[in-house]
Amino acid sequence: MTEMRYAHAINRALDDAMAADRTVLLLGEDIGKAGGSFAVTRGLQEKYGADRVIDTPISENALGGMAVGLALSGFRPVIEIMFMDFMALTMDALVNQAAKAHFMFGGQSSVPLVVRTQHGGGLNAGPQHSQCLEAWFAHIPGLKLVCPSSLEDAYGLLRQAIDDPNPVIFVEHKAMYPIKGDLPEHRAKLEIGTARLVRPGTDVTIVSYGGMMREAIKAVDLLAAENVSAELIDLRSIQPWDEASVLASLARTHHLVVAHEAVEAFGVGAEIVARMADIGFDELDGPIIRVGAPFMPVPFSRELEASYIPAAAQIVDAARRALK
Amino acid sequence: MSLPAVVEHLKLYRQMLTIRLAEQACGKLFADGAIPGFIHLSIGQEAVSAGIMSALTNADTIASTHRGHGHALAKGLSLSGFFRELMGRANGVCGGRGGSMHVADFSVGMLGANGIVGGGIAIALGSGLAHKLRGTQAVSVAFFGDGAMAEGVLHESLNIASLLPAPVFFACEANGWSEFSPTSAQISFTLEALAASYRIPFHRIDGNDVRKVSAIAKEIITTIRESGRPIVVECVTRRVRGHFEGDPQRYRTDTEQAVDPLSFTRAALAAEGVAPDALDDIDREVEAEVQAAIASAAESPLPSFASAQAGVYAAAMP
């Protein structure tokens, strides 16, 4: 095991992928000389050169389209979109071009493209630098989206995303970059679409992912103090998501809570709940409860943002309601 | 005219005629309901497609527009694959999943027509960067209409192409129309001045004279291959049909006769001494090719939904 920060695990995955495959390219704003606004790509341009770690102007739209052109031409571009909010500027390239090229050209081509971006609050970055927009992309056939919470998963999923012949959105969390953890010496790729059982339990299943996993772990501990045994599942991949693992857990606990930092309404949780209400109906002994942000923009001030982001107490409360 | 020059000119004529007859047939098939959806014809603009593509090889790539039939056929899409696609057949170039706005053939460097105005420009930029990174001398061509000059992605892509630099031929087909509005009502600048802003060389070509388009495109492509730098070319032409087939064009005021590139070339060939019989023979051959392609498409199987549904994601290489 090597202790390092979350940002370093992502850097290591990029480094290893570039060393393994000469067609892997990094492109983005200030990722080369400047090393990335969160220092995730630091040192890679020095190591691999400006032809493989390419600084681009602040042109998210053309950056996305250019990456599609590179991917259609046999390269494996990994682009960085500095904040997930800025993905709004790449939508045509990702939604109309990348997601559909394999399908609409009858399988003539694939688009092995990775978009690295980061979402979430916690840094008081305000309404245009904090949003969790993963549901937008999970709604688009042809795209994949992953959202790892641990260093090991971040490493494994990023390596796998780069290998994947399809466009994959790789969502990091800005508040997690400095968090320390262990990366195994034997660093393995991780199949997209597999959830991880983080804590086994018997009374209620909590499904979460990404930054909200930290609150979910706290919630499991708080519930244990109330003699409630919660089973915690880290989804890791949002599109595709591991429906079978969630259903299997529901079959054990018969109660379900889904928690994420993104706005609750029309979110990832809504899809999970709807599917479980359908295929898991016979297993359910109570209502399925969602925990997500309120339906409002992410506010700036410390006090407002702290009230906005769902916390462990809300997950605990949701579990109690699910069990009532 | 030397014999090789006349032979080359005849090839260009034949290419333009193939596009014209194919598109005229598209119009009929669309009106009859045999081609569903939306189609956008490039009748009157054939000299641009035939001329520019005569300067390219299969290693060169193009990204096209919603008005892309001519680009596709001139780049080397087979007539049968083309008609099968537009008629929604399983053996169309895209398996019947894309249709007119998404015809593509990667084996000849045709990276797709595009349903989004300006949607292909940055893709061509990426393809050009790929050529550069591979160290080949291939060039990519970004086709766009004058309406797409209003799209931000053109500006972003010109800037990046100039900075990198990337070997991209930015080909504006200036047909005078931005969907249902005259381009003059939508664009406050000239493409020449825009190119200059990004320090990219600019050429304006008479887009209705295929021999001129071909000759200048060859020079420009050679320059791009040698310099690795982008060039912007404005091909002035005229959209003869509506924005889409079925467009009643009540907004149209340009009623003067456009120069027809096909008649122009036919007359030029006759003046060069090509016998009318020889031209008539070509006309008959091309018409037969188009009709054979349509007949084969009409007999082709329809795609299966299960196969389409299984084709959303590419399978990982083993």
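In this text, all values refer to a predicted model and were calculated from it rather than measured experimentally.

Participant: When you look at the overall build of chain B in this model, what are you seeing that I'm missing?
Facilitator: From N to C terminus, chain B includes 11 helices and 7 strands. The C-alpha atoms of chain B give a radius of gyration of 19 Å, which matches the 20 Å a tight globule of 318 residues would have. C-alpha atoms of chain B, sized along the principal axes, occupy 60 × 50 × 45 Å. Put simply, chain B has 318 residues, and 51% of those count as buried.

Participant: It is not clear to me how the domain arrangement of chain A should be interpreted in this structure. Could you clarify?
Facilitator: By convention, interface size is frequently given as the accessible area that disappears when the constituent parts associate. Residues and elements named next belong to chain A. When its domains are assigned, chain A resolves into domain 1 (2–183) and domain 2 (196–323). With centres defined by C-alpha atoms, the gap from domain 1 to domain 2 works out at 26 Å. Between domain 1 and domain 2, the residue contacts involve 26 residues of the former and 22 residues of the latter. Here the side of domain 1 that touches domain 2 gets 4 residues from one element, more than from any other, and that element is helix α5 (residues 134–138). Residue composition of the side of domain 1 that touches domain 2, grouped by class: 14 nonpolar, 9 polar and 3 charged.

Participant: Looking at this model, I keep getting lost on the interface of chain B and chain A. Mind explaining?
Facilitator: Each side of the interface is counted separately: chain B has 35 residues, and chain A has 34 residues. Secondary-structure elements contributing two or more residues to the side of chain B that touches chain A are α5 (121–134) and α6 (152–163) of chain B. Looking at which element gives the most residues to the side of chain B that touches chain A, the answer is α5(B), with 10 residues. Of the residues in the side of chain B that touches chain A, the class split is 22 nonpolar, 11 polar and 2 charged.

Participant: Would you take a moment to explain the nonpolar core for this structure?
Facilitator: Taken as a class, soluble globular proteins show a tendency for nonpolar side chains to be buried jointly. In this structure, A:Ile206, A:Val257, A:Ile315, A:Ala319, B:Leu125, B:Ala142 and B:Phe169 are the most contacted members of the largest nonpolar core, which totals 199 residues. Formed jointly, this core draws a minimum of three residues from each of two domains, domain 1 (2–183) and domain 2 (196–323) of chain A. Setting aside anything within four residues of it in sequence, one finds A:Ile206 in contact with A:Ala216, A:Ala219, A:Val220, A:Ala230, A:Leu232, A:Val257, A:Ala259, A:Ile315 and A:Ala319.

Participant: Explain the packing of helix α4 (residues 79–86) of chain B against helix α10 (residues 276–298) of chain B here, please?
Facilitator: Helix-helix packing is characterised by the crossing angle of the two axes and by the distance between the axes. Residue and element names in this part refer to chain B. Running from N to C, α4 and α10 point in directions that differ by 45°, and their axes come no closer than 8 Å. What the angle tells us is that α4 and α10 run oblique. Between α4 and α10 lies a crossing of right-handed hand. Contacts from Leu 79, Ser 80, Phe 83 and Arg 84 in α4 reach Glu 289, Val 290, Ala 293, Ile 294, Ser 296 and Ala 297 in α10.

Participant: Please clarify how the sheet that holds strand β10 (residues 204–208) of chain A should be interpreted in this entry.
Facilitator: For sheets, the rule is that strands pair by backbone hydrogen bonds, running either parallel or antiparallel. All names here are of chain A. Spatial ordering of the open sheet is given by β9-β11-β10-β13-β14, a layout of 5 strands whose pairing is mixed. The sheet is open, and its two edges are formed by β9 (196–199) and β14 (289–293), each paired on a single side. Across this sheet, the average inter-strand angle for adjacent strands is 25°, counted without regard to direction. Pairing of β9 with strand β11 (residues 230–234) involves 3 bridges; the strand directions are antiparallel. By the bridge assignment, Arg 199 is partnered in β11 with Leu 232. Most of the contacts of helix α9 (residues 268–279) go to strand β13 (residues 256–263), to which it runs at about 160°, and overall it touches β10, β13 and β14.

Participant: Hey, could you run me through the environment of A:Pro141 in this one?
Facilitator: Residues and elements named next belong to chain A. Looking at the secondary structure, you find Pro 141 in the loop between α5 and β6 (144–146). You can call Pro 141 exposed: it has 11 C-beta atoms within 10 Å. Measuring from C-alpha to C-alpha, the distance between Pro 141 and Val 95 comes to 8.8 Å, with 46 residues separating the pair along the chain.

Participant: I would appreciate a short explanation of the environment of B:Asn91 in the present structure.
Facilitator: Residues and elements named next belong to chain B. Summarising the element assignment, Asn 91 is placed in the loop between α4 and α5. Residue classification places Asn 91 among the partly exposed positions, given that 16 C-beta atoms sit within 10 Å. C-alpha separation for the pair Asn 91 and Ala 297, spaced 206 residues apart in sequence, amounts to 8.4 Å. Beyond its immediate chain neighbours, meaning those up to four positions away, Asn 91 contacts Arg 84, Ser 300 and Pro 301.

Participant: Please explain the sheet that holds strand β2 (residues 140–145) of chain B as it appears in this structure.
Facilitator: Residue and element names in this part refer to chain B. Spatially, 5 strands are ordered β1-β2-β3-β7-β6 in an open sheet, and the strand pairing comes out parallel. Either end of the sheet is taken by a strand with one partner, and the two such strands are β1 (61–63) and β6 (202–206). Between one strand axis and the next, the sheet turns by 20° as a mean value, whatever way the strands run. As paired elements, β6 and strand β7 (residues 231–236) share 5 bridges and run parallel to each other. The residue bridging Ile 205 from the neighbouring strand is Cys 235, located in β7. Sitting on the sheet, helix α8 (residues 210–227) touches β3 (168–174), β6 and β7, and the angle it makes with β6 is about 160°.

Participant: I would appreciate a short explanation of unusual backbone geometry in the present structure.
Facilitator: For residues other than glycine, phi is negative in most cases, and the peptide bonds are mostly trans. Residue A:Pro240 follows A:Gln239 across a cis peptide bond; omega there is 0°. In this structure, A:Pro240 sits in the loop between β12 (237–239) and α8 (243–253). Of the consecutive residues B:Leu164 and B:Pro165, the connecting peptide bond is found in the cis state with omega at -20°. Tracing the sequence through the fold places B:Pro165 in the loop between α6 and β3. One non-glycine residue, A:His254, lies in the positive phi region at around 65°. The residue A:His254 is located in the loop between α8 and β13 in this model.

Participant: Please explain the environment of B:Ala25 as it appears in this structure.
Facilitator: Residues and elements named next belong to chain B. Residue placement: Ala 25 occurs in helix α1 (residues 3–31). Note: C-alpha distance between Ala 25 and Val 290 (265 residues apart in sequence) is 8.0 Å. Those residues within four positions of Ala 25 in sequence are excluded, and the remaining contacts are Val 290 and Ile 294.

The rules behind the values
- For every chain, the first residue of its written sequence is number 1, and the numbers climb from 1 along that sequence.
- Note on labels: chains are lettered from A, ligands numbered from 1, in written order.
- pLDDT decides what is reported in this predicted model: residues at 70 or higher carry local features, side-chain atom pairs at 80 or more are listed and counted, and totals for whole chains, interfaces and linings draw on all residues regardless.
- In this text, helices come from DSSP runs of H or I with a minimum length of four residues, and strands from runs of E with a minimum of two, each type numbered from the N-terminal end.
- Note that the radius of gyration is over C-alpha atoms, with the globule rule given as 2.2 Å times the number of residues to the power 0.38.
- Note on burial: count the other C-beta atoms lying within 10 Å of the residue's C-beta; 20 or more is buried, 12 or fewer is exposed, in between is partly exposed, and C-beta positions come from the backbone.
- These domain boundaries are the output of an automatic or database domain assignment.
- Two residues form a contact once the distance between their C-beta atoms, set from the backbone, is within 7 Å.
- The classification used treats Ala, Val, Leu, Ile, Met, Phe, Trp, Tyr, Cys and Pro as nonpolar, Asp, Glu, Lys and Arg as charged, and all other residues, Gly among them, as polar.
- We define the nonpolar core as any set of buried residues of the types Ala, Val, Leu, Ile, Met, Phe, Trp, Tyr and Cys, connected via C-beta atoms lying within 7 Å of each other.
- Whenever a helix is involved, its axis is fitted only over the stretch in contact; in every case the axis is a line through C-alpha atoms, and angles between N-to-C directions fall within 0 to 180 degrees.
- These descriptions rest on fixed angle ranges, namely under 35 degrees for roughly parallel, over 145 for roughly antiparallel, 65 to 115 for roughly perpendicular, and the rest for oblique.
- Note: crossing handedness is left-handed where the near helix turns anticlockwise from the far helix by less than a right angle, and right-handed where it turns clockwise.
- In this description, strands pair whenever DSSP reports at least two bridges between them.

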